[in-house]
Amino acid sequence: PLANLTEALQRLIQEPCGCFEQTSSTPYPLVMAQQYFMSHAGVDPALVAQSSDILERGYARLVGFECKGKGYEWFGEDPGHEALSAYGLLEFTDMAKVRQVDSAMLAATRQWLLKTRDGNGGFARGRRALHTWIEDKDCSNGYITWAQLAAGEKPDSLRKEVDKLKETAKASSNSYVIGIGATIALADKDST
């Protein structure tokens with residue numbers, strides 16, 4: 001089993017390339033691999049070092065996609081994209097568990113996402129490119145809310161969004177909306 005795991009981990013180690021979303025497909029799995037390396041003995045030190053080097057390059061590439069006005073977009077062009085920025089927030093939050101991540105950048109991304117709230121319990125969905133990414137508004141609102149909570153935002157600071165999503169999830173037939181609504185309710189310590 002250890003040989004199979006080592007072989008699988010070696011296959012994860014690839015040079016990051018492409019846009020923000022494509023680049024993420026390399027370092028994000030390495031974040032999980034690094035968590036494994038930190039908690040298990042007997043892993044080849046050369047594999048750990050190689051994985052760490054690629055993670056460093058992936059991080060450097062990813063932060064290059066930050067928009068001047070903050071948030072993230074596929075190619076770093078203003079304005080940022082709400083759902084993609086939420087994905088980046090999650091990725092960088094997880095990455096901070098295994099390597100140094102710029103805390104000011106994380107805070108700026110959280111603040112930028114908070115500024116995209118629409119005042120009705122959701123988030124703005126400005127369209128500026130061919131990519132629509134999470135077309136369903138309830139899915140998008142749920143994902144962005146959950147990303148904020150998973151990154152350390154308190155439910156009370158997102159009260160309107162949390163309550164709206166829990167209400168939406170109860171009436172939805174979309175399994176993703178229901179699932180993310182349940183996850184948000186759990187984060188909000190709501191047993192209903």
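Coordinates for the structure precede this section.
Residues numbered from 1 in each chain as written. Predicted model: local features only at pLDDT ≥ 70, side-chain atom pairs only at ≥ 80, totals over all residues. Heavy atoms only, no water.

A. Here's a closer look at the side chain of Ser 24. Its location among the elements puts Ser 24 in helix H2 (residues 20-24). Of the residues examined, Ser 24 reaches a relative accessible area of 1% and is grouped as buried. A polar contact is formed between the side chain of Ser 24 and the side chain of Glu 91, at a distance of 2.7 Å. Discounting chain neighbours no more than four positions away, the residues touching Ser 24 are Pro 29, Leu 62, Tyr 87 and Glu 91. (Helix = DSSP H or I, 4+ residues; strand = E, 2+ residues; numbered from the N terminus. Buried < 20%, exposed > 50% of the residue type's maximum accessible area, 1.4 Å probe, protein only. Polar contact = N/O pair within 3.5 Å; in protein donor to acceptor, adjacent residues only side chain to side chain. Contact = heavy atoms within 4.5 Å.)

B. Just the side chain of Thr 145, in detail. Following the sequence through the fold, Thr 145 ends up in helix H7 (residues 137-150). Setting aside residues up to four positions removed in sequence, Thr 145 forms contacts with Phe 123, Leu 158, Glu 161, Val 162 and Ile 184.

C. Expanded view of the pattern of salt bridges. Applying the stated criterion to the full structure yields ten salt bridges. Of the charged contacts, one joins Glu 15 and Arg 57 as a salt bridge, the two residues approaching to 2.8 Å between their closest N and O atoms. On the criterion of sequence distance, the pair formed by Glu 15 in the loop between helix H1 (2-12) and H2 and Arg 57 in helix H4 (residues 45-63) is long-range, its members being 42 residues apart. As a salt-bridge pair, Glu 56 and Arg 99 come within 2.6 Å of each other at their nearest N and O atoms. Of the two residues, Glu 56 is situated in helix H4 and Arg 99 in the loop between helix H5 (82-95) and helix H6 (103-115); the sequence distance between them amounts to 43 residues. According to the relative accessible area criterion, Glu 56 is partly exposed, its value standing at 35%. The class of Arg 99 is buried, set by a relative accessible area of 15%. Taken together, the shared-partner salt bridges connect Asp 156, Arg 159, Asp 163, Lys 166 and Asp 188 into one network. (Salt bridge = Lys/Arg side-chain N within 4 Å of Asp/Glu carboxyl O.)

D. Quick peek at the packing of H7 against helix H9 (residues 175-187). Where H7 contacts H9, the axes come no closer than 10 Å and their chain directions differ by 30°. In terms of orientation, H7 and H9 fall into the roughly parallel class. Of the two elements, H7 crosses H9, and the hand of that crossing is left-handed. Between H7 and H9, the residues in contact are Asp 138, Cys 139, Gly 142, Tyr 143, Thr 145, Trp 146 and Leu 149 and Tyr 176, Val 177, Ile 180, Thr 183, Ile 184 and Ala 187, respectively. Per-class residue counts for the contact of H7 with H9 are nine nonpolar, three polar and one charged. (Axes fitted to C-alpha atoms, helices over the stretch in contact; angles between N-to-C directions. Parallel < 35°, antiparallel > 145°, perpendicular 65-115°, else oblique. Left-handed = near helix turned anticlockwise from the far one by under 90°. Nonpolar A, V, L, I, M, F, W, Y, C, P; charged D, E, K, R; others polar.)

E. Looking closely at the packing of aromatic side chains. Scanning all chains against the criterion turns up eight aromatic pairs. Note on Tyr 72 and Phe 92: the rings are 5.6 Å apart at their centroids and 45° apart in plane angle, and the pair reads as tilted. Residue Tyr 72 is located in the loop between H4 and H5, and its partner Phe 92 is located in helix H5; the two are separated by 20 residues in the primary sequence. For the pair Tyr 72 and Phe 92, one class covers both residues: buried. (Phe/Tyr/Trp six-rings, centres within 6.5 Å; stacked < 30°, edge-to-face > 60°.)

F. Region of the structure containing the nonpolar core. The biggest cluster of nonpolar side chains holds 46 residues, and the ones touching the most others in it are Phe 20, Phe 37, Phe 92, Met 95 and Val 101. Looking at this core, the elements that each hand over two or more residues are helix H3 (27-39), H4, H5, H6, H7, helix H8 (159-171) and H9. Look past the residues within four positions of Phe 20 in its chain and what remains in contact with it is Leu 62, Phe 65, Tyr 72, Glu 73, Trp 74, Leu 84, Tyr 87, Gly 88, Glu 91 and Phe 92. (Core = buried A, V, L, I, M, F, W, Y, C linked by side-chain atoms within 4.5 Å.)

G. Spotlight on the packing of H5 against H6. One way to put it is that H5 packs onto H6 with a least axis distance of 10 Å and a crossing angle of 150°. Judged by the inter-axis angle, H5 sits roughly antiparallel to H6. Considering the relative orientation of H5 and H6, their crossing is left-handed. Side by side, H5 and H6 meet where Glu 82, Ser 85, Ala 86, Leu 89, Phe 92 and Thr 93 of the first sit next to Met 105, Leu 106, Thr 109, Arg 110, Trp 112 and Leu 113 of the second.

Function-wise, these values are silent; they only describe arrangement.
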